[in-house]
Amino acid sequence: MEHGYKTLRHAGSDSFTVKKSRFIGHGSPARTEKEALDFLRQIREKHKDASHNCWAYIIGRNAGIMRYSDDGEPGGTAGLPIIEVIRARQAVDCCVVVTRYFGGVLLGAGGLTRAYAQGAKAALDAGQIITMEDSVRLRAGVEYPLWGRVEHALKALPVRGEGAEFGAAVTAAFIVRSRDRARVEEELTRVTDGRVEIAEAETVCYGWED
């Protein structure tokens, strides 16, 4: 993947109240339409006493599958605002459900549209949007006197540390985007005067925070 794609790191939810109606935004990664429908089914079961469980999902890195539902709300006031928020955040392979417990006060079409859009934003924020990119897990080994230089350098480099092992030498494990690998290796080589052994553990598709 040349530029990566955005999705959710994990399932999450958040709630708020608008004129006595309680809204709960739920978001989850969903790599297939089945996963999206399974998530929708779980939310419906959990909130089966809710007035509405409106939803939308986008599946495929090129957004090949897009579905949404107003679940009984006036046409265009719920499902469409939800999917428009997902599209605006450029997220794919995810499902968003916004649950509403009606509080007795009508919101009107404009109020509903804003509330469901807010619910979608809350869901995406709770699930944490990340960018999935081709990455590599590396291990860098150095003698103890050089560990301080490596530790300091890693804090400033675009990597995600995964701890260090302290044996006969110190070995640091970390993940780096494939496109940043050369720069990271060059910097570690520079700060150690070439006295670092860097080995590739595996290639991964890793989620980087925006």
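Residues numbered from 1 in each chain as written. Predicted model: local features only at pLDDT ≥ 70, side-chain atom pairs only at ≥ 80, totals over all residues. Heavy atoms only, no water.

Geometry of an aromatic ring pair is reported as the spacing of the ring centres plus the angle between the planes. Counted under the stated rule, the structure contains six aromatic pairs. Ring geometry for Phe16 against Phe23: centres 5.6 Å apart, planes inclined by 10°, an arrangement best described as stacked. A single burial state applies to Phe16 and to Phe23, both of which are buried. When the centroid spacing of 6.4 Å and the interplanar angle of 40° are considered together, the rings of Tyr144 and Phe166 count as tilted. Placement of Tyr144 in helix α4 (residues 144-156) and of Phe166 in strand β8 (residues 159-166) is noted, with a sequence separation of 22 residues between them. Given a relative accessible area of 40%, Tyr144 falls into the partly exposed group. With relative accessibility at 52%, the residue Phe166 sits in the exposed group. Three or more aromatic residues joined by ring pairs form one cluster here, namely Phe16, Phe23 and Tyr116. (Phe/Tyr/Trp six-rings, centres within 6.5 Å; stacked < 30°, edge-to-face > 60°. Buried < 20%, exposed > 50% of the residue type's maximum accessible area, 1.4 Å probe, protein only. Helix = DSSP H or I, 4+ residues; strand = E, 2+ residues; numbered from the N terminus.)

By themselves, these are just geometric observations and shouldn't be taken as functional.
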